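Working through the structure, step by step
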Protein chains: 2
Amino acid sequence: MTFALDPRLAADTLLVGDLPLSRVLLMNDSRFPWLILVPRRGRLSELHDLSRHERAALIEETARAGEKLKSLTSAAKINIGALGNIVSQLHVHVVARFEGDAAWPGPVWGAGMAAPYSSAAAQELVRDLVVALGLAGA
Amino acid sequence: MTFALDPRLAADTLLVGDLPLSRVLLMNDSRFPWLILVPRRGRLSELHDLSRHERAALIEETARAGEKLKSLTSAAKINIGALGNIVSQLHVHVVARFEGDAAWPGPVWGAGMAAPYSSAAAQELVRDLVVALGLAGA
């Protein structure tokens, strides 16, 4: 089955680019620097639906995204999550957290309303992420 | 640095056993069948603090725990998370979710108060998990 991004994920995010396995999206919520990685592998829903090889790639892409996001934002902690209770298409959240942020120390999922980026702020952050993740030219 | 389980994780959980990389714990909250995997590798806090080899092992153990927990409980969805805003020791939550459970469709973290298992129910679930995860003799 070919890959098609769930329209709800598409509506809530901005495109950053493609890593070898995953499409990288930026959640359009300026309260938290928040990436979403979506393996481009049809519509799987659980981690155990991937092959072992794909899982190894996914955790490397997740760790690298977290490391780069942490260093780009000087975050206190990276939160990683794959929930899928609402959008079942397998996707991994990688969120930069700060003491005193809008949901600290609770989870970001379901916490209040998103505060969309201004167009200029979104462009700048996407550009920084493209460079940090080595996606230049994507 | 030798491995020592964070005392807050120890206080909230029951021991299931050890996989090759991770200690497997059962959260003492009967509202959700909820495992926690803690890599026995000193006090790391981020996924990117592990080696690539350890990450590959961790995602395999996480996927296997999720698959077994889903099949044991007939859950609708497995939720996976590594947050660490409160307890920084790297640990991965693997939670069986059901439509209409106490936090559905929101995350379990920070949702209400834990409802501890009875001693008999905990023993039975731990025994089932030991078998499902191939930890017999642990």
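Because the structure is a prediction, the values reported are computed rather than measured.

Next up on the list: the overall build of chain A. Each helix and strand in chain A was counted, giving three helices and five strands. Ordered by position in the sequence, the α and β elements of chain A form the string α-β-β-β-α-β-β-α. Here the C-alpha atoms of chain A give a radius of gyration of 14 Å, agreeing with the 14 Å that 2.2 N^0.38 yields for 138 residues. Every one of the 138 residues in chain A was classed for burial, and the buried ones make up 53%.

Moving on to the nonpolar core. Looking at soluble globular proteins, one finds that nonpolar side chains tend to be buried together. Counting 60 residues, the largest nonpolar core has Val16, Leu26 and Leu35 of chain A together with Val16, Leu26 and Leu35 of chain B as its most contacted members. Non-local contacts of Val16 of chain A, meaning those with residues more than four positions away in its chain, are made with Val24, Leu25, Leu26, Leu35, Val126, Leu129, Val130 and Leu135 of chain A. Of all hydrophobic cores here, the second largest spans 28 residues; its members include Leu25, Phe32 and Ile36 of chain A together with Ala103 of chain B.

Let us look at the sheet that holds strand S4 (residues 77-82) of chain B. Here we have 10 strands laid out as an open sheet, ordered S1(A)-S2(A)-S3(A)-S5(A)-S4(A)-S4(B)-S5(B)-S3(B)-S2(B)-S1(B), and antiparallel in their pairing. Only two strands of the sheet have a single neighbouring strand rather than two, namely strand S1 (13-18) of chain A together with strand S1 (13-18) of chain B. Taking the axes of each pair of neighbouring strands and ignoring which way they run, one obtains an average angle of 20 degrees across the sheet. Both strand S2 (residues 22-27) of chain A and strand S3 (residues 34-39) of chain A contribute to a ladder of five bridges, which runs antiparallel. Looking across to S3 of chain A, one finds that Val24 of chain A is bridged to Leu37 of chain A. Helix H2 (residues 52-73) of chain A contacts S2, S3, strand S4 (77-82) and strand S5 (92-97) of chain A of the sheet and is inclined by roughly 20 degrees relative to S5 of chain A. Across the sheet, helix H2 (residues 52-73) of chain B is in contact with strand S2 (22-27), strand S3 (34-39), S4 and strand S5 (92-97) of chain B; its angle to S5 of chain B comes to roughly 20 degrees.

Attention now goes to the interface of chain B and chain A. You'll often see interface size given as the accessible area lost when the parts meet. The partner chain A presents 31 residues to the 31 residues of chain B that form the contact. There are eight salt bridges connecting chain B and chain A. Note that Glu46 of chain A is salt-bridged to Lys77 of chain B, the shortest N-O span being 3.0 Å. For the side of chain B that touches chain A, the secondary-structure elements that each account for two or more residues are H2 and S4 of chain B.

What follows deals with the relation of the copies chain B and chain A. Superposing chain B onto chain A takes a rotation of 180 degrees plus a shift of 0.0 Å along the axis, which leaves an RMSD of 0.0 Å. The transformation just described matches what one would write down for a two-fold rotation axis. When C-alpha distances to the rotation axis are compared across chain B, the minimum falls at Gly81 of chain B, with a value of 2.0 Å. Interface overlap between copies is the fraction of interface residues in one copy that are interface residues in the other; for chain B against chain A it reaches 100%, indicating a shared surface.

Turning our eyes to something else, we now look at the side chain of Glu46 of chain A. Tracing the sequence through the fold places Glu46 of chain A in the loop between S3 and H2. Its relative accessible area of 2% is what places Glu46 of chain A among the buried residues. A distance of 3.0 Å separates a polar side-chain atom of Glu46 of chain A from the backbone nitrogen of Ile78 of chain B. The residues contacting Glu46 of chain A, other than those within four sequence positions of it, are Leu90 of chain A together with Lys70, Ala76, Lys77 and Ile78 of chain B.

Rules and cut-offs
Every chain is numbered on its own, with residues counted from 1 as its sequence reads. Chain letters and ligand numbers both follow the written order, the letters beginning at A and the numbers at 1. Totals for whole chains, interfaces and linings use every residue, but because this is a predicted model, local features are given only for residues with pLDDT of at least 70 and side-chain atom pairs only at 80 or more, for both listing and counting. Side-chain metrics in this entry use all non-hydrogen atoms of the structure; hydrogen atoms and water are not considered. Secondary structure elements are taken from DSSP: a helix is a run of H or I of four residues or more, a strand is a run of E of two residues or more, and numbering for both begins at the N terminus. Only C-alpha atoms enter the radius of gyration; for comparison, a globular chain is expected to reach 2.2 Å times N to the power 0.38, where N is the number of residues. The rule is simple: take the accessible area with a 1.4 Å probe, protein chains only, and divide by the maximum for that residue type; under 20% is buried, over 50% is exposed, in between is partly exposed. By nonpolar core is meant a set of buried Ala, Val, Leu, Ile, Met, Phe, Trp, Tyr and Cys residues that side-chain atoms within 4.5 Å join together. Contacts: residue pairs with any heavy atoms within 4.5 Å of one another. We call two strands paired when DSSP finds no fewer than two bridges between them. Axis angles are defined between N-to-C directions and span 0 to 180 degrees, where every axis is a line fitted to C-alpha atoms and, for a helix, only to the segment in contact. Whenever a carboxyl oxygen of Asp or Glu lies within 4 Å of a side-chain nitrogen of Lys or Arg, that contact is scored as a salt bridge. Copy-to-copy alignment: least squares on C-alpha atoms, limited to residues at pLDDT 70 or above in both. Any pair of nitrogen or oxygen atoms within 3.5 Å is treated as a polar contact; in protein, a donor-acceptor pairing is required on top of that, and neighbouring residues in sequence qualify only through side-chain atoms on both sides.

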